[in-house]
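# Tertiary structure, described
Here's the letter readout for the chains.
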Amino acid sequence: GSNISTKKIPLFVHNCILRAYSVNGMWKEGMKYIHSLEHQKVKLNNVTYSYLLQCFVKNGPVSLALSLLDHMKQRNLEPDPHIYSILMSMCICREDLINFRNILSSMNGSKFGGNLIAYRSSLNACGKIGNWELALELFEQMKDRGVKDDLYAFTRLIDALGKGGKNDL
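## Comments concerning the overall build of the chain
In terms of helices and strands, the chain carries nine helices and zero strands. Scanning the chain from its N terminus toward the C terminus, one meets helices and strands in the order α-α-α-α-α-α-α-α-α. Summarising the internal contacts of the chain: among those between residues at least 6 apart in sequence, 66% fall at separations of at least 24. Only carbon and sulfur atoms are counted for the fraction: they give 54% of the accessible area of the chain, which is about 9000 Å².

Here's what the structure looks like:
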C-alpha cells in the first residue's frame, strides 16, 4: 500500500468523505477524520464544518456539536447561516430550547443576524416536532428584525401550527 498524505488530496474530496459520515450519523468517525486533517495542517472551511456538524444531527452530543462553533472561531472561520441552521434545527428537534436560544442569539449577534435561511430551517424543525409556540415566536421575531418572510417560511409556520394542534388562530 502507498502512504498518500491527505494534505495533497483536494478539500472537496475530504468534504465528500465527511458527507458520507454525516448521512450515516457517524459523528465519532467524523471527529476522528477532522482531527487527522488538522494534524496534517489541512486548511478546512465552512463546508467541511457543516458536513461535520451534520454527523451530529441524528445522535451526536449537542454539547460537542456546539463546541465546534468555538473551534471554528479559533481557526478564524465565521459560522455562516448554514452552520447556524444545522445547529438550531438539531436543538429544536431534540427539544433543547436553551441551546437553541443561545445559538439564535449568537447568530443574531453576528453579521448573519436575521438570516432568512436560518429562520426557515428553524421553522421547518418546529414543524417536524409540532412546536407551534416557538414557530410563532420565530416568525414574529423575523418580522421584528426586518427579515422578509416568504412562502416557504409561512408554509413551515402553518405546518408547525397544524402538527401542534393549534388550528384556532
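Structure's up, so let's keep going.
## Section: the pattern of salt bridges
Scanning the entire structure with this criterion turns up six salt bridges. Its salt-bridge partner being Glu78, residue Lys111 comes within 3.9 Å of it at the nearest N-O pair. On the criterion of sequence distance, the pair formed by Lys111 in the loop between helix 6 (97-108) and helix 7 (116-129) and Glu78 in the loop between helix 4 (62-74) and helix 5 (81-93) is long-range, its members being 33 residues apart. Owing to a relative accessible area of 64%, Lys111 belongs among the exposed residues under this scheme. A salt bridge links Asp159 to Arg156; the shortest N-O distance between them is 2.8 Å. With Asp159 and Arg156 both in helix 9 (residues 151-163), this residue pair falls three residues apart, about one helical turn.

What counts, and at which threshold
Residues numbered from 1 in each chain as written. Predicted model: local features only at pLDDT ≥ 70, side-chain atom pairs only at ≥ 80, totals over all residues. Heavy atoms only, no water. Helix = DSSP H or I, 4+ residues; strand = E, 2+ residues; numbered from the N terminus. Contact = heavy atoms within 4.5 Å. Areas by Shrake-Rupley, 256 points an atom, 1.4 Å probe, with all protein chains shown as cover. Salt bridge = Lys/Arg side-chain N within 4 Å of Asp/Glu carboxyl O. Buried < 20%, exposed > 50% of the residue type's maximum accessible area, 1.4 Å probe, protein only.

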